[in-house]
Every structure is written in structure tokens, then in C-alpha cells.
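Tertiary structure, described
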Amino acid sequence: MNPAIKENLILPTVALRGLVVFPEMTLHFDIGRKQSVSAVKSAMMNRQNLFLITQTDMSEEIKGREGLFDIGVVCEIKQLVRLPAGSCYRVVVEGKYRARLVNLQQMRPHFISEVKPISVKDIAVSSSLDTEAFVRYVRTLFEEYASLNQKLSADIAIGIPEQHCIGGLTDYLAGNLPLEFLEKQYILEELNVTKRTERLCEILLREIEVLEAMETIEDHVQQQMDENQREYYLREQMKAIAEELGDGESAVGEAEKYRSEILALHLDAESEEKLLQECGRLARMQPSSPESAVSRSYLDAVLALPWGKQTADNLRLAHAQRILDREHYGLEKVKERIVELLAVRILSPEIKGQIICLAGPPGVGKTSIAKSLAKAMHRKYTRISLGGVHDEAEIRGHRKTYIGSMPGNILTAVMRTGVCNPLILLDEIDKLGSDYKGDPASALLEALDPEQNNTFRDHYIEIPFDLSKVLFITTANDVSQIPRPLLDRMEVIELYSYTAEEKFQIAKRHLIKKQMQENGIRPAQLRITDDAVRLIIDGYTKEAGVRQLERTIAKVLRKAAVRIAGGETEKITVRPSDLEMLLGPRKHKPTVLSASGEIGVVNGLAWTSVGGELLKVETVVMEGTGKLELTGSLGDVMKESAKTACSYIRVNAALLGIDAEFYKTKDIHIHFPEGAVPKDGPSAGVTVTTALVSALSGCPVRTDIAMTGEVTLLGHVLPIGGLREKSMAAYKAGIRKILIPEGNIADLAEIDATVAENVEFVPVNEVSQVISEAVIQSSGITANNPSAVKTVKGLPVVQNQTSLHNEVCRRNGKGKIV
């Protein structure tokens, strides 16, 4: 119906929630809001029409004009009935014509709106062939929609023939079909009749597609239900047959139990199918057969895995830093890297697992730092010891066809924790072995590769298990023993040996308290003075870590416990003077460096898996036939370094003031003390060269200098590894100057702060620089070129700091060093 009214109207207004009324449509709805009831009553009392308009958000109360759509419908109230509920009413209205909301003039006690009637020109159905075809298309779509929607009322189809205009037909269908209120509102606001009908056709086509999809899904579900019912019926028959045969519960009931547990896991289709097949085989076996025991063990192992179970990570950085600082003294770089790991997980929760390798000497806290990380993240912790493992099956499990087969250590560790995101410590990964049974290091490649471990396949389990949520931490003493492909998958964080001050702080903060608690001694009963702790560190232990220190402290506390438990005393104070009685004579005397230099004796530096060591090299020269004797359990590389040093000295003998025929007339014996300890590596090259020069020339070497570096035939000094540990050993021995290769200058950033403050590092790139720094020179015999150098016992004495070095460079074809 098109209005003849042209001026604006002032009408009571009701805001509808989720409802849209159309012209020529009868609608009944319930009202309960005081504003709505007041508006309806006001319209009836004043014999006015009622303006119905829809809220834009049905979940919110109207606060103003912006909460309503622009177009609504002016309606005539046909009936108002009070419901038994009390304050609610049922209203029956009939839509008259569209109107536009101009202004919301009043909100209390009810809405009063200024509305402008909208005149819409409708098109008769029989006006043209195109119009009639259009209407038929709409009716066809409606019939197809009605055939798919079984809940649709049949009365709607009866009213369609009564519609003689396209706009009226569109409004009739939109008002009566179960469409979303936003779609209905869109149709109501479309004033162009043709576009309005096209929009309705689009909605009907989409609804038809949705209903067809629902019908397909329903058919599939029904078919699945029929199959499940058939399977259930057959299984019940099998169970009844088994009971008749006297098997009691038999394997059928057991298989059904496994089957229900497998289905509850919601695994991927391939894994679920394999496990259900195993259940089917179990159901067909005799319970007493060996095969059924294998099948049950396999299913029990699979179901014991924590499929999808995980703990929530605690990624608070301050919390993690507090735990790490409380439980570990020092280790700043390790703590910093752990905090970085947590920060990245906060910003990128889906990041793939990062494998961290903590490398360092024994006893420096590699295992305990992993425990602290698990505690900080609130993750379950478990440890796998890899030392001595030489069978691949230890990692990936055995095939279940073997007697006594079981899953590998990795999945067994996951089962122990009961969650799929634990922290697993792979301890001593550098101690892995290999033999004819396989290479366990290669088996670890898949488990430690973030790109592959989301589908890790254990030989026993046989179906993929996701290890990508597991946080793997590995530990090693010697990174060089880890196979390169495995090392490439890990980020190595070095843990260095502790300084004496760090050991003192660790003992005071952690070790003494721990051992007092373990030995049942209260703090009021025993006190160890600071000087006594320092003497224990320097005099009774010699290690990179603190394990021996902890055992020594425990020994002191046990001696004290005997006296306290025996009633001799109630309180004991342990002073330095008491330690010899408690621990015996001091085991490690402080290194006393000779005040004057020694001939043929040089302080070298060595790296070991337990930290750095001061390694003296002793050389003596005897009359003989040119033999070179090397002792001290030396490896091939170290023997080659000694031979290289001899060749260098032979080439530069004249410049060094050494008899050029020494290799024919002298026997040389080079010894590395502690002969039972194997030694190898190229870093003793400069030490051996200096010792040979000193022994052959008769000039002593400064005892307050240590050196390290590989030497070449041309006298170049090449960089070495382990500088931090070596410098620590030199500092502990009282060395105050270290000669290092120039290529190791960048490594000085890693040097401990205490060492850096007390030790001078002199970078060198030629052997001649080492000789100038280390060999003690004084006036004496004149060399071939008296204007250039003086000699003592055949060794040139340098007139300035670089003349010897420049002469060697000249002979080797290199420029001078300024």
C-alpha cells in the first residue's frame, strides 16, 4: 500500500529486537519493556498508528537515534492481549507502508518519532513478459526452497497467488520466510522493486545451497549411524558366541574397551585406522595366545602416550629471572639466553622447538640449569642419560615383533611426564657410541629437528607422535665429539669453569646450606668461616666445577656431625686452622713461580674437558746424533707441532744465533709432565718452539709468562680454541702475562672479568714476537751483524722491540711491522 500522506507524522514508536515487519503483513509479537508497552497503549488510546522499527544491535538497549535503522513500517494495532506472566503483552499489528525515521523526539515514557512516509511505485505481475518471467522465477526458487526446508509452514505457499505485484510478492516472502533479520531489513530498505526482488533471489539461492549441503551431511550421518549400528550388532553377536564357547569376557570385550579408548583420542585417520585394525586382530585371538599379549602390550603403550595433553607455560620473564638468580650464581649468558627464549615464545607462541646444547666442563651446573628452566616455565621435567648408549633402538625403540620389545627412551620419557610438552634433558650427548647395532646419534636427528619431529615415528609405536612441543635441552663436555649433523641442529651455549670467587659465592649461598640440611645440622650448630671456605677451594679441590668442593664440604660436615651427635660440643666454628685435622694435609699447594727464568722450560696452556690447565714444556739438549725424543703421552698432532718447530729453527738458525748443525750434533728431548695424561692438539706449537730456542741458545725463559698458539713452518702463529679456560688456568697459577695469537683478539670479549683485570694479553702473529717477549736477553757475544743485534750464548739480543721480528719477516719475504 502506497501512502497518500506527504507531510511528516509524529507517531509512538516501538523498537523491535530481531524482528522486521513488512507492509501488508500481519505480525504478532510479545512486548515487555516499559517503553514499548507505553507506546502501544498510547497509540490505542489516541487511535494512532504505531511505528515499528528494528534495532541495529538486538543485544543492547537503545540510547539514541544511532541504535535504530533508518526505515521502518507504520502499522495499525489490531489486538493487544495481556499475558499471564504479568507485565508482558502480546500485540497483533498489520503493516501499512514504509516510513523513514526523521527524528527521535522523545524517549520517556516511550519513544515518539517524527517519520516521513515513503511512496514506492510497484509493478504489476502482468505488466510485461519480463515481469511475469521474473515472478515465475521467484516462485520456482521458493518451491525448491520449500521442498528442502521441511519446517516451512504450508500456509505461506497459499498466500503467494494473492500477490499481484512484484514488490508485494517480495515483501510477502521476505516477511514470512525464516531469514536473518539483517537480510530482511536490507530488503525492507531497498526501495527499487526490481533490485529488491533480485536481492531476495540471491538470498533464496544461497539458502537452497545451504539446505542441500545440510541434506548431504544428514544423509552421510545417517549412513554412518546405520554402519555403526550394524557393527555394534555384529560385535554383540561375536561377544555372545565367545561366551557360548566358554571364553568369558574373551578378547572381544577387551578389544571393545581398547576401541572406545582409541576413538576418544581423536587421532588422524591413518593412525586411528591402524590402531583399530590392531583391535580387530586382538578380538580374533585367543586370550591365552602369545600374540594377544604382544598386541595388548602394544595398545597399552600407545594409549599411555599423552595425546594432546599438555601443561600451560608460565612465560613471565621476571619470574624466570628470579628463579634462575636464586638457584644459580653467575652463568649470566646462559640466563640471558633462557630469558630470550621465553620472550620469543611470548611474541610467537607457535614457534617451533629450539634445541639448546649446554656445553662445558663437569660440575658447572648444566643439569641444574635445565631443572630451573623447567621450574620457571611450569613444565614437567625428565632426564635421559645418553652416556654409553650405542644401540639405535635405545632412541627409536624395537620392532614389536621382537620378544621384550618396547618404545625408545624418548617416547618413554614423554610417557613418564604424562604431557606432550615436557622439558627433556638429553644428558651427555657427546658420550654417544655406535657399533653394529646402529648409530644412536643418527637416530636423534629426526627427534631434534624442528622441521621433522612433529611426525616422529618410534619403531615400536609405528604411528607418528608430535614432539614439536617438547623442549629439548642437551648437555656435553666436549662439543667436538658430537657428530656434525647433530650439532648443526643445536644452538650451543658455552658454560665455562668457575673462578675462585664464583666457587666461594656458590659454596656460601648453596652448597653449605644444602649439605647442612642433608646431614641434619642446624645453622645454629655449625659455622664455616669465609677464610676456611677459601682454603677448601684453593687447597683441597682442583676442578672446573663445584662437585669436588661439595663433597669436601660434606666431609667437613660429617666430621662435625660426629662431634655434635657424640655430645662433645653443641656448636662448632670451622676455621682454616681446623681443616688439616678435618680433611688431612693440604692436597694442592699454590703454584710458586721461579723468580728467575729457566732454560728450556716454558709455561704452555692446554684445554681439557674439565677446564684449562697450565702445561709446562721441558726441553733438554744433549750431545748426540740429531735424535728428537718426545715423551708425555702425546698425540700425533702434538708430535707434528714439535717437528714443525724444529724445522722452523733449522731455517732461522743463523738469525737466532743457533748452531746451524744442531740437528746433526745434538739430541733433543722434549717432555710434557704428567706423562700418564694423554695430550694432543696444535696449540702447544709456540710453546715447543720457544722451549727449543731457549734450550739450544742457553737463554732462560720468563716464568711469569704463559703462551698458546699453533705455529707454521714459516713462523706464523695461528689462532686456537679454549682461550677462556686457558686464561683462567694461567690466572690461577699466578701468571700475569699471556701471549695469544692475534687471530684470537675477538675471543678476549669472552674472558672472565676477574682474569681480564689481572692478566695482560699480548697478541702476536709471528714466532719472533713470542721469542722477543718471553726469552730473557742480555749483552754478550756479538752476532754476525754487530750493528743490528747483540747475542747472549748465541741468541740475538734485540736492540728495539721489533728488530728480530722484522729480520725474520725480511727473510720470509714479508714487510716490516711498525
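Keep in mind the model is a prediction, meaning the values are calculated, not measured. (Residues numbered from 1 in each chain as written. Predicted model: local features only at pLDDT ≥ 70, side-chain atom pairs only at ≥ 80, totals over all residues. Heavy atoms only, no water.)

Together, Ile217, Val221 and Met225 give the surface a local cluster of nonpolar side chains, amounting to about 270 Å² of exposed area. Take Met225: it is sitting in helix α6 (residues 193-244). Classification of Met225 by relative accessible area gives partly exposed; the value is 39%. (Patch = residues over 30% accessible without salt bridge, like charges linked within 9 Å, V, L, I, M, F, W, Y side chains within 5 Å. Areas by Shrake-Rupley, 256 points an atom, 1.4 Å probe, with all protein chains shown as cover. Salt bridge = Lys/Arg side-chain N within 4 Å of Asp/Glu carboxyl O. Helix = DSSP H or I, 4+ residues; strand = E, 2+ residues; numbered from the N terminus. Buried < 20%, exposed > 50% of the residue type's maximum accessible area, 1.4 Å probe, protein only.)

Before going further, it helps to examine the pairing of strand β8 (residues 381-385). Working note: regular strand, side chains alternate between the two faces of the sheet. A one-sided burial pattern is seen for β8, the buried positions being Thr382 and Ile384 and the unburied ones Tyr381, Arg383 and Ser385. In this structure, β8 lies alongside strand β9 (residues 423-427), joined through five bridges in parallel fashion. Residue pairing for β9: Arg383 is matched across the bridge by Leu425. (Pairing = 2+ DSSP bridges.)

Moving on, we get to empty space enclosed by the protein. A complete count under the given rule lists four cavities of 30 Å³ or more for this structure. In this model, the largest cavity occupies a volume close to 50 Å³. Surrounding the largest cavity, Val334, Ile338, Ile356, Leu358, Ile369, Ala370, Leu373, Ile473 and Ile493 form its lining. Here the lining of the largest cavity takes three residues from helix α12 (residues 366-377), the largest share from any one element. In this model, the second largest cavity occupies a volume close to 40 Å³. What lines the second largest cavity is Thr13, Val14, Ala15, Arg33, Gln35, Ser36 and Phe111. Within the residue set of the lining of the second largest cavity, elements represented by two or more residues are β1 (9-16) and α1 (34-45). If one sorts the elements of the lining of the second largest cavity by residue count, β1 sits on top with three residues. (1 Å grid on protein atoms, 1.4 Å probe; cavity = no way out; pocket = protein on both sides within 12 Å on 5 of 7 lines; lining within 4 Å. Points joined across faces, edges and corners; volume = space filled by probe spheres on them.)

The strand order across the open sheet built from five strands is β8-β9-β12-β7-β13, with neighbouring strands paired in parallel fashion. Unpaired on one side and paired on the other, β8 and β13 (491-494) mark the two borders of the sheet. This sheet shows a mean twist of 25° between the axes of neighbouring strands, independent of strand direction. The sheet strands contacting helix α11 (residues 332-347) are β7 (356-359), β12 (471-476) and β13, and the helix crosses β13 at an angle near 145°. (Axes fitted to C-alpha atoms, helices over the stretch in contact; angles between N-to-C directions. Contact = heavy atoms within 4.5 Å.)

This part is about α12. With 12 residues, α12 should cover 16 Å at 1.5 Å per step; its first-to-last C-alpha distance of 17 Å lies within 8% of that length. Buried residues in α12 make contact with α10 (317-327), α11, β7, β8, β9 and β12. Just past α12, the residue His378 takes up positive phi, approximately 60°. (Expected span 1.5 Å × (residues − 1).)

Another aspect to go through is the packing of helix α2 (residues 129-148) against helix α4 (residues 166-176). Close contact between α2 and α4 brings their axes to 11 Å; oriented N to C, the two are set at 10°. Of the possible angle classes, the one that applies to α2 and α4 is roughly parallel. Crossing of α2 against α4: the hand is left-handed. Along its contact with α2, which presents Thr131, Val135, Val138 and Phe142, the element α4 presents Ile166, Leu169 and Leu173. Here the contact of α2 with α4 is composed, by residue class, of six nonpolar, one polar and no charged. (Parallel < 35°, antiparallel > 145°, perpendicular 65-115°, else oblique. Left-handed = near helix turned anticlockwise from the far one by under 90°. Nonpolar A, V, L, I, M, F, W, Y, C, P; charged D, E, K, R; others polar.)

What follows covers the pairing of strand β6 (residues 111-117). The buried fraction of β6 is high, at six of seven residues. When β1 meets β6, the two strands line up antiparallel, connected through five bridges. Looking at the pairing, Ile10 lines up with Glu114 of β6. Strand direction decides the pairing type here: strand β5 (residues 89-106) and β6, joined by six bridges, are antiparallel.

What follows concerns the environment of Ala443. One can find Ala443 in helix α15 (residues 440-447). Between the alpha carbons of Ala443 and Glu392 there is a distance of 6.2 Å; along the sequence they are 51 residues apart.

Contact geometry for helix α17 (residues 500-518) and helix α19 (residues 547-565): axes closest at 10 Å, N-to-C directions at 50°. Classified by the interaxial angle, the pair formed by α17 and α19 is oblique. By crossing handedness, the relation of α17 to α19 is classed as right-handed. Together, Lys503, Ala507, Leu511, Ile512, Lys514, Gln515 and Met516 of α17 and Leu549, Glu550, Ile553, Ala554 and Leu557 of α19 make up the contact between the two elements. For the contact of α17 with α19, the class distribution of residues is eight nonpolar, one polar and three charged.

This part takes up a positive patch on the surface. Together, Lys555, Arg558, Lys559 and Lys587 make up a positively charged patch on the protein surface. Secondary-structure assignment places Arg558 in helix α19. (Lys, Arg positive; Asp, Glu negative; His and termini not counted. Charge placed at Lys NZ, Arg CZ, Asp CG, Glu CD.)

With that settled, consider the side chain of Asp391. Take Asp391: it is sitting in the loop between β8 and α13 (393-396). The buried category is assigned to Asp391, whose relative accessible area is 16%.

Let's shift gears to the layout of surface pockets. Empty space among the atoms becomes apparent when a probe as large as a water molecule is rolled across them. Space inside the second largest pocket adds up to approximately 750 Å³. Residue lining of the second largest pocket: 25 residues in total, with His328, Gly365, Ser368, Lys514 and Glu550 positioned closest to the centre. Partitioned by chemical class, the residues of the lining of the second largest pocket number seven nonpolar, nine polar and nine charged.

Under the defined criterion, the tally for this structure stands at three aromatic pairs. Taken together, a centroid distance of 5.0 Å and an interplanar angle of 70° make the contact between Trp307 and Phe465 edge-to-face. Here the residue Trp307 occupies a position in the loop between α9 (290-304) and α10, and Phe465 occupies one in strand β11 (residues 464-465), the gap between them amounting to 158 residues. Neither residue differs from the other here; Trp307 and Phe465 are each classed as buried. A centroid spacing of 6.2 Å and a plane angle of 90° characterise the contact between Phe662 and Tyr663, whose relative ring orientation is edge-to-face. We note Arg199 situated over the ring of Tyr186; from NZ or CZ to the ring centre the distance is 4.7 Å. (Phe/Tyr/Trp six-rings, centres within 6.5 Å; stacked < 30°, edge-to-face > 60°. Lys NZ or Arg CZ within 6 Å of the ring centre and 35° of its normal.)

Any link to function would need more than the numbers given here.
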